[in-house]
Amino acid sequence: MTATAPVAPRSVPYFNYQKAFTEREDELMGIVRDVLRRGAFIMQKDLADFEAHLAAYLGVKHVIGVANATDGLHFAWRAAGLKAGDEVILSSHTMAATAAAIHFAGGVPVPVEVGPDRCIDPSSIERAITKKTVAICPTQLNGRTADMDALQTIADRHGLFILEDSAQALGSTFKGRYAGTFGKAGAFSFYPAKILGCPGDGGAVVTNDDAVAEKVRLLRDHGRDAHGDVVEWGLNSRLDNLFAAILDWQFKDYPAIIGRRRAIAALYDAGLRDLPELGLPPAPDSDPRHFDVFQNYEIEADRRDELKDFLRQNGIGTLIQWGGKALHHFPAHKMQVSLPVTDRFFTRCLMLPLNTMISDDDVAYVIATVRRFYGR
Ligand SMILES: *Cc1c(COP(=O)(O)O)cnc(C)c1O
């Protein structure tokens, strides 16, 4: 990067939960007042409206709001017919939730390697396939959609189906098609720090399969059909109407929100690309097949822990994803696999602040501080 005017030291928190509210306090309180005055709490019009708007955006037949993406994935697996002992291949670089959803639907999550783009490495899948394998579950990580052509080719060759953990990737596309819409179903998360976040937990399942949609609808609401008759075993995992109203309001700005995130990623890329100590994620326009929405900006870094400390001392918040552990690193998961690429990745990965609350100057300060750490 050519040197520009230095920016003043400042605090750049990784994510500012208070500011996410205070920035738009009046509008948010207006929505709260409106919904509460109407007494519209559970499965009301605001939820139906949000589901319809999300469906139109994604070009998908069904959107079912649920209490969180973890439940959404669990329901999607049940609805897709996962049976006891069925194996599902997923990247070890994902949230425990991806694997837990498979586990609670009766399946066995089988982790494989992460690729250079932080998504599942297609070349590590086939050696993990057994007679019991039924599906591949790509996590569309950091707002990037995996190479779905490569995954579909493997799935077709072995008679597997795909179901996506698209929790981090609302708006991300591969060859023009949205994350979440490739396989039998996908799930999105509206956890507060997700790109489309609400003031609490929230999620949605999306699918083009009528039978899967019907089953997920029953699972989220006590097995009750449209007439209130219990026709199936069900649970309670509904997206609150109030949160749906807030999400629907925020969603109007979604293209601008994604645009800003991509602009910040482009600044990081331009400012850090020449550092040999780092491995950057793919730049926003580096591959025309991919449209990434940058839920996270996850770099690889030499002397990662020292860099993290240095940034903290200089007021900059960073995060190591999943508390620094891949799925197969948690003893409780009892996953007996050897994944050396992922093991190495987890000694080097670090996420820099990227959200709509930070300014270009904040980004410049982060870049300058990283460069200072490496003496450049
Ligand atoms: C956030 C997240 C989840 C879980 O979403 P919740 O809504 O918190 O249940 C699952 N998978 C990935 C990749 C996530 O980032």
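Residues numbered from 1 in each chain as written. Predicted model: local features only at pLDDT ≥ 70, side-chain atom pairs only at ≥ 80, totals over all residues. Heavy atoms only, no water.

K.L.:
Just checking my understanding: could you explain the site of the ligand for this structure?
P.N.:
Close to the ligand lie 14 residues; Ala69, Thr70, Asp165, Ser189 and Lys194 are nearest. At 2.5 Å from an oxygen atom of the ligand is found a side-chain nitrogen or oxygen belonging to Thr70. Between the ligand and the protein, one listed contact pairs an oxygen atom with a side-chain N or O atom of Lys194 at 3.1 Å. Across the complex, the protein chains shield 94% of the 380 Å² of accessible surface that the ligand would expose by itself. (Near = heavy atom within 4 Å. Polar contact = N/O pair within 3.5 Å; in protein donor to acceptor, adjacent residues only side chain to side chain. Areas by Shrake-Rupley, 256 points an atom, 1.4 Å probe, with all protein chains shown as cover.)

K.L.:
Whenever I open this one, the packing of aromatic side chains confuses me. Can you help?
P.N.:
How two aromatic rings sit relative to each other is given by the distance of their centres and the angle of their planes. What the rule picks out here adds up to 13 aromatic pairs. On the basis of an interplanar angle of 85° and a centroid distance of 6.2 Å, the ring pair of Phe50 and Phe251 is categorised as edge-to-face. You can see Phe50 sitting in helix H3 (residues 45-58) and its partner Phe251 sitting in helix H8 (residues 241-251), a full 201 residues away along the chain. Aromatic pair Trp77 and Phe161: ring centres 5.9 Å apart, planes at 55°, arrangement tilted. Taken together, the residues span a long stretch of sequence, with Trp77 in helix H4 (residues 69-79) and Phe161 in strand S5 (residues 161-162) at a distance of 84 residues. (Phe/Tyr/Trp six-rings, centres within 6.5 Å; stacked < 30°, edge-to-face > 60°. Helix = DSSP H or I, 4+ residues; strand = E, 2+ residues; numbered from the N terminus.)

K.L.:
Mind showing me how you'd approach the sheet that holds strand S1 (residues 62-66) here?
P.N.:
The sheet built from four strands is open, its strands ordered S1-S10-S9-S6 with mixed pairing. A strand with exactly one partner marks an edge of an open sheet, and here the two such strands are S1 and strand S6 (164-165). Relative to strand S10 (residues 203-207), strand S9 (residues 186-189) is paired through four bridges, and the arrangement is antiparallel. Looking at S10, one finds that Ser189 is bridged to Gly203. (Pairing = 2+ DSSP bridges.)

K.L.:
Sorry, what's going on with a nonpolar patch on the surface here?
P.N.:
Together, Leu36, Phe41, Ile42 and Met43 give the surface a local cluster of nonpolar side chains, amounting to about 330 Å² of exposed area. Summarising the element assignment, Met43 is placed in the loop between helix H2 (25-38) and H3. (Patch = residues over 30% accessible without salt bridge, like charges linked within 9 Å, V, L, I, M, F, W, Y side chains within 5 Å. Salt bridge = Lys/Arg side-chain N within 4 Å of Asp/Glu carboxyl O.)

K.L.:
Looking at this structure, I do not really get the packing of H4 against helix H7 (residues 210-220). What am I missing?
P.N.:
A packed helix pair is summarised by two numbers, namely the angle formed by the two axes and the spacing between the axes. Put simply, H4 and H7 touch, their axes get as near as 9 Å, and they point 130° apart. By the angle class used here, H4 and H7 are oblique. Pair H4 / H7 crosses with right-handed handedness. Only Val212, Lys215, Val216, Leu219 and Arg220 of H7 make contact with H4, whose side of the interface consists of Phe75, Ala76, Arg78 and Ala79. Here the residues of the contact of H4 with H7 sort into six nonpolar, no polar and three charged. (Axes fitted to C-alpha atoms, helices over the stretch in contact; angles between N-to-C directions. Parallel < 35°, antiparallel > 145°, perpendicular 65-115°, else oblique. Left-handed = near helix turned anticlockwise from the far one by under 90°. Contact = heavy atoms within 4.5 Å. Nonpolar A, V, L, I, M, F, W, Y, C, P; charged D, E, K, R; others polar.)

K.L.:
Would you mind going over the packing of helix H9 (residues 254-272) against helix H12 (residues 360-373) with me for this structure?
P.N.:
Where H9 contacts H12, the axes come no closer than 10 Å and their chain directions differ by 30°. Relative to H12, H9 is oriented roughly parallel. As for the relative orientation of H9 and H12, their crossing is right-handed in sense. Across from Arg260, Ile264, Leu267, Tyr268, Gly271 and Leu272 in H9, the residues of H12 making contact are Asp360, Val363, Val366, Ile367, Val370 and Arg371.

K.L.:
For this particular structure, what's the right way to read the pairing of S1?
P.N.:
The side chains of a regular strand alternate between the sheet's two faces. Most of S1 sits out of view: five of its five residues are buried. On S1, burial covers both faces: His62, Ile64 and Val66 on one face and Val63 and Gly65 on the other are all buried. In this structure, S1 lies alongside S10, joined through five bridges in antiparallel fashion. In the sheet register, Ile64 faces S10, and the bridge partner there is Val205. (Buried < 20%, exposed > 50% of the residue type's maximum accessible area, 1.4 Å probe, protein only.)

K.L.:
What exactly am I supposed to notice about the side chain of Asp165 here?
P.N.:
Note that Asp165 resides in strand S6. One buried charged residue, Asp165, remains without a salt bridge, the closest side chain of opposite sign being Lys194 at 7.1 Å. Here Ala167 takes part through its backbone nitrogen, which lies 3.0 Å from a polar atom of the side chain of Asp165. In this view, Asp165 contacts Leu73, Thr94, Thr98, Cys137, Pro138, Thr139, Gln140 and Ala187; residues no more than four positions away in its chain are not counted. (Lys, Arg positive; Asp, Glu negative; His and termini not counted.)

K.L.:
Hey, could you run me through a negative patch on the surface in this one?
P.N.:
Together, Glu25, Asp26, Glu27 and Asp253 make up a negatively charged patch on the protein surface. With respect to the helices, strands and loops of the structure, Asp253 is situated in the loop between H8 and H9. (Charge placed at Lys NZ, Arg CZ, Asp CG, Glu CD.)

K.L.:
Please explain unusual backbone geometry as it appears in this structure.
P.N.:
Even without a glycine there, the phi angle at His222 is positive, about 60°. Positionally, His222 belongs in the loop between H7 and H8. Backbone geometry places Arg303, a non-glycine residue, at a positive phi of 50°. Along the chain, Arg303 turns up in the loop between strand S13 (297-301) and helix H10 (304-313).

K.L.:
How should the pattern of salt bridges be read in this particular structure?
P.N.:
Pairing of side chains with opposite charge becomes possible as their charged atoms draw close. Enumeration over the complete set of coordinates arrives at 26 salt bridges. A salt bridge links Arg118 to Glu300; the nearest nitrogen and oxygen atoms lie 3.6 Å apart. With Arg118 in the loop between strand S3 (108-112) and strand S4 (133-137) and Glu300 in strand S13, this residue pair connects regions lying 182 residues apart in the sequence. As a salt-bridge pair, Asp309 and Arg312 come within 2.7 Å of each other at their nearest N and O atoms. One end of the pair, Asp309, and the other, Arg312, are both in helix H10, three residues apart, so they sit about a helical turn from each other. Accessibility expressed as a relative area gives 35% for Asp309, which makes it partly exposed. What emerges from the salt-bridge pattern is a single network uniting Arg118, Glu300, Asp302 and Arg348.

That's the geometry; what it means functionally is another story.
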